[in-house]
Amino acid sequence: MPLSFRTIDVTGYPVSYRETGELGAPKLALLGGFPSSSHQ
């Protein structure tokens, strides 16, 4: 499955996230860590 890197605007702040999986499948959100850990 392809991995997508996306950014959305939340009340004026850009929020980056990654997503993968099948359309319509249950969602799971993992929050926390440091911004640099996404690239390490």
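Since the structure is predicted, the reported quantities are computational estimates derived from the model, not experimental observations. (Residues numbered from 1 in each chain as written. Predicted model: local features only at pLDDT ≥ 70, side-chain atom pairs only at ≥ 80, totals over all residues. Heavy atoms only, no water.)

**Focus on the pattern of salt bridges**
Rule in force here: Throughout this description, the term salt bridge denotes a Lys or Arg side-chain nitrogen within 4 Å of a carboxyl oxygen of Asp or Glu. Numbering of helices and strands runs from the N terminus, with a helix taken as a DSSP run of H or I at least four residues long and a strand as a DSSP run of E at least two residues long.
Under the criterion given, the structure shown has 1 salt bridge. Here Glu19 makes a salt bridge to Arg6, at a shortest N to O gap of 2.5 Å. With Glu19 in strand β2 (residues 13-19) and Arg6 in strand β1 (residues 4-10), the pair connects residues that are 13 residues apart, well separated along the chain.

**Some thoughts on the environment of Leu3**
Structurally, the position occupied by Leu3 is in the segment before β1. Once the C-alpha coordinates of Leu3 and Gly21 are considered, the two residues, 18 residues apart in sequence, prove to be 8.1 Å apart.

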